[in-house]
Amino acid sequence: MEFRVLGPVEIRVAGQRLPAGHARQRAVLAVLLLELNRVVPAEQLIDRVWGEDPPPSGRNTLYVYVAKLRAIIAAGGEPGAALVRRPGGYSLEADPDRVDLVRFRRLAREASSAGAGEDAEALLRGALGLWQGAALSGLTSPWLAAMRETLEAERTAAVLDLNDIALRRGAHAALIGELTGQAAAHPADERLIGQLMLALYRTGRQADALHWFDQTRQLLAAEFGASPGPELRDLHQRMLRNDPSLARSGPDGDGAAADPGGNSPQPVVPRQLPAPVEHFAGRAAELRVLNGLLHRAAQGAAIVISAVSGTAGVGKTALAVHWAHQVADQFPDGQLYVNLRGFDPVAKPVRPAEAIRGLLQALVRPAGQIPAGPQAQQDMYRSVLAARRVLIVLDNARDAAQVRPLLAGGRGSLVLVTSRNQLLGLAAADGAWPVRLDVLSGEDARALLRRRLGAARLAAEPGAVDELIELCARLPLALSIAAARGCAHPAFPLAALAAELQDVAQRLDALDGGDPAASVRAVLSWSARSLTGPAARMFRLLAVHPGPDFSVPAAASLAGLPAGRARLLLGELADANLLTEHAPGRFSFHDLLRGYAGEQANALDSETGRLDALHRLADYYLHAAHRAERLLYPDHPRPALEDPRPGVTTDDSAGSYATALAWFDAEHRVLVAVVAAAADHRFDTQAWQLAWVLDTFFELRAAWRDWEATQRTALAAARRLGNRFAEFHAARGAASAQLHLGRYPDALSLLSRALRLSEEDGDLGMQARIHMDMCRVFEAEERYPEALRYSRDGLRLARQAGAEAKRVEADALNFVGWYLAQLGRFGEALECCQQALIMHHFGDKNKEPHSLDSLACVHRGLGRYAAAAECYRRAVELFAGLGKEWEVARTLAKAAEVHQEADDLPAAIIAWTRALAIFERLHQPEAEQVRARLAECAPPAARQSGDPVQLRGGGGSVVQWRRAPGGHPR
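These numbers come from a predicted model, not from an experiment.

Q: Describe the sheet that holds strand 11 (residues 550–551), naming the residues involved and giving the relevant values.
A: In space, the three strands of this open sheet follow the order 11-13-12, with antiparallel pairing throughout. In the strand order of this sheet, the two ends are held by strand 11 and strand 12 (580–583), each with one partner. Sheet topology note: the strand 11/strand 13 (residues 586–588) ladder contains two bridges and is antiparallel. Along strand 13, the bridge assignment pairs S551 with R586.

Right, dumping it as structure tokens:
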């Protein structure tokens, strides 16, 4: 058995990981391992695991975790390993050498005593090899965080000791890449910076070594108001005067290994990389990918290629140059760089033959040896690189054809290509590894601003920083321009800088650094100029789309094109990194790209053309939603639609309930935005009709606020049209949403208006529906006599309306039965509810579970708990089949009450627990009520002892009761 804390906290047996439980349970294990073979009091354990926020029953919870860990350790079969209860607390007792931290510390001590030779190096490598990541990873509490910092400091000390040994034996060239990465992670560690400076100096990179000293001095002054210590300052001075002792080996020198003859001449190699990127931030995942490719090259693989692509201003060149400097020492035969100018605003793209001649001039001396003909030059280029290990950076490539002739290289060489296009041909035909850059994460964007503006300035205005990041769309170029403006005006608050970017129309003007390469608009234009005419038109029109993303059929309708043609154009835009295909068939672009596309649309497309495109888009979403809603609720009334406008993509293929629900889920935010946009542009028919067909989906997903917003928009559109039918339905929909939001007076006001409209039109069926809608409001206010009166009026009106209102009659019967039950008149209620259930079963299947719910209430009132529970069970099944999760949860909560009244507490706990999970997932307020009911269910035995208690119910249900942190059982 082995215990690990140097990384994830784990228990392993014969190399296999045992399940140590969730984070809190593993935190208990971690505390006991860090105090191995010592008794830890229970209160101290609780404090170290939970800090200042322990659970209400901390000791009970701790007991459960300890019991589980004890069982896991016992099952491992390790003699002498056990988690035991001792007077005063708990102790994990085991052979210390079974814990990786103990072994790490022992090896580090032995290395310290072994001097600076191979034995010490082997011991330190063994010690560091025990680490599997950040210590105690995934665990949170103030005490554990402090321990993590302590352990990481021990690890860093071991790494620095190992670096010293490697420098003494002359491995400075091989160390540079590793030291650079360590220094980037710990830029204020002066010992580490000194090691890196020494390694750089001894490989002939004195300027880079001095640059690191200057950078460290600035960092210490800005962050801590301090200067470098005497040791680092002394090293700096010795480098400035080329102190010969820095090049000596042996105990009298500083650990440099030189050739026996002293300073041997170094081979001449090209070093063409541009200057390092001073304020580089983030990109950890991409750097890991590139480091993996470096490993392949180091193993002697044939030329390795990586193609870094991304939209304009996303930081492709910065990533390439930053990484190239980190690993330059891994390519002893040189580093080549060429800007291929694939998207240059002025110069033409560099021809491959021109690039090869320039590269040869860096590789061959004297230049007179270079042949004159292009083919001969290419042959020589391949021959020269065949025996070398070189890093080649090909920046700003236009396409794969421009890059392919430059790929010659020896085994172990690596070519890093950047382009605004994805270069999929290079990946397919030449084995390039694609690395696509997206905009920065929020944290990486914040790190970039911190490097430019300083931590103190960001800490003073955190809200303005967040606003700046979002307004710059997390695009590195935009963030850098904004940061430069902040540096130029150090007295300006960041909120003022953010205010300059608020106006979408002026944002691109504000993100102009006065130079084409430092202007977001300019660099975006260079990418747009490479598009074909149809793709450029599609790009412009997509700015008209109001939603956060768009599908192929939506884009096709927007442009008035067949779906297949639209897919090709979207592919061209994605290949140019002007769009992102973030899910199969779904595309988006960030706000700055949207703003630039909008500028181009306003400049190049007529207003009529843009409005026609938006009109087609509204038609597409209306007809697609209408079709999908029919699959969700075939019997639901919906508006009759006119034929869509020419150019709108329609889909008449077969679908299912599941595909329809998935379509609504994917388009949810888009549909809300389209309703608003249609109303804003006075496409009022599409606005009210689309809002109507969204009712079913919004009710399924309990999206009450979206439902209310779209229906309010529909109501205004209907009134502008003077369409009484539309106004009636919009008022009903808005009232239903207001009811769910608890705004009862608003709901009644809307329903009163709808009732007047139906009375003026003489529509008895609609009057009946409004009466039942009003019943629901009265019920929410617990005004049951009024609710019963209105439901009976609704039943009377439905019967007067005749056959066309049979479904309304069934609903009204159910309502009458329900309100009779609420008033305790269960005998009368039973007949109404049974009759409603039969009518719904043979009529509107969607209403059948509502009738079962009412019938269950009646049985409960009559003391027939088994019958009530069965009705609830059937209702849950039907609601679940319809995808009505909120209704499922409500019905489960009612079923739980019936089980409790029938003295079947385990069944009640199970039902409440299921209901709670759904309410929490839907973020519904009912979750708190259910949580409270569960907390009340703790049996006396569990309340008194805190021990687990098993409960058996009369229906065969069994639960093991434990109080979880949230108060409900696990």
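Read on, since the account is not over.
Q: Residue-level account of the sheet that holds strand 3 (residues 16–18), with values.
A: Adjacent strands of a sheet form backbone hydrogen bonds with each other and so pair up, either parallel or antiparallel. Here we have three strands laid out as an open sheet, ordered 1-2-3, and antiparallel in their pairing. The open sheet has two edge strands, strand 1 (2–4) and strand 3, and neither has a second partner. Averaged over neighbouring strand pairs, the angle between their axes works out to 35 degrees when direction is ignored.

Q: Give a description of unusual backbone geometry that names residues and reports values.
A: With a phi angle near 55 degrees, A473 is a residue other than glycine that sits in the positive phi range. Along the chain, A473 falls in the loop between helix 19 (462–471) and helix 20 (476–488). The phi torsion at N577 lies on the positive side, around 60 degrees, for a residue other than glycine. Tracing the backbone through its elements, the reader meets N577 in the loop between helix 26 (563–575) and strand 12.

Q: Account for the packing of aromatic side chains, with residues named and values stated.
A: This structure, assessed with the given rule, holds 16 aromatic pairs. Measuring from centroid to centroid gives 6.1 Å for W688 and W692, while their planes differ by 25 degrees, and the two rings are stacked. Of this pair, W688 and W692 both sit in helix 30 (residues 684–693), four residues apart, which is roughly one turn of that helix. On the basis of relative accessible area, W688 is assigned to the buried category, the value being 7%. Within the aromatic cluster, the residues linked to one another by ring pairs are F539, F550, F589 and Y596.

Q: Describe the packing of helix 2 (residues 42–50) against helix 3 (residues 58–75), with residues and values.
A: Contact pair helix 2 / helix 3: the axes reach a minimum separation of 10 Å and the direction vectors enclose 90 degrees. If you check the angle between helix 2 and helix 3, you find them roughly perpendicular. Contact with helix 2, carried on its side by A42, E43, L45, I46 and W50, involves G58, R59, T61, L62 and Y65 of helix 3 and no other residues of that element.

Q: Give a detailed account of the pairing of strand 8 (residues 391–397), specifying residues and quantitative values.
A: In the case of a regular strand, side chains alternate between the two sheet surfaces. Of all seven residues in strand 8, seven are buried; the element is thus mostly enclosed. As defined by bridge partners, strand 7 (residues 335–339) adjoins strand 8 across five bridges and the pair is classed as parallel. Within the sheet, the bridge partner assigned to Q335 lies in strand 8 and is L391.

Q: Could you give an account of the nonpolar core, naming the residues involved and the relevant values?
A: Ranked by size, the top nonpolar core spans 212 residues in total, and within it V520, L542, Y621 and L690 carry the most contacts. Apart from residues lying up to four places away in sequence, V520 is in contact with L475, L477, A478, I481, L508, L511 and L592. With 55 residues, the next largest nonpolar core counts V9, L33, A42 and L136 among its residues.

Q: How would you sum up the packing of helix 13 (residues 352–363) against helix 14 (residues 374–386)? Please name residues and give values.
A: The description of two helices packed together rests on the angle between their axes and the distance between the axes. Contact geometry of helix 13 with helix 14 gives a least axis separation of 10 Å together with a crossing angle of 45 degrees. Looking at the two axes, helix 13 sits oblique to helix 14. In the packing of helix 13 onto helix 14, the handedness of the crossing is left-handed. Facing helix 13, whose interface residues are A353, I356, R357, L359, L360 and L363, helix 14 presents P374, Q377, Q378, M380, Y381, V384 and L385. Here the contact of helix 13 with helix 14 is composed, by residue class, of 10 nonpolar, two polar and one charged.

Here is what the cut-offs are and how they apply
Residues numbered from 1 in each chain as written. Predicted model: local features only at pLDDT ≥ 70, side-chain atom pairs only at ≥ 80, totals over all residues. Heavy atoms only, no water. Pairing = 2+ DSSP bridges. Helix = DSSP H or I, 4+ residues; strand = E, 2+ residues; numbered from the N terminus. Axes fitted to C-alpha atoms, helices over the stretch in contact; angles between N-to-C directions. Phe/Tyr/Trp six-rings, centres within 6.5 Å; stacked < 30°, edge-to-face > 60°. Buried < 20%, exposed > 50% of the residue type's maximum accessible area, 1.4 Å probe, protein only. Parallel < 35°, antiparallel > 145°, perpendicular 65-115°, else oblique. Contact = heavy atoms within 4.5 Å. Core = buried A, V, L, I, M, F, W, Y, C linked by side-chain atoms within 4.5 Å. Left-handed = near helix turned anticlockwise from the far one by under 90°. Nonpolar A, V, L, I, M, F, W, Y, C, P; charged D, E, K, R; others polar.

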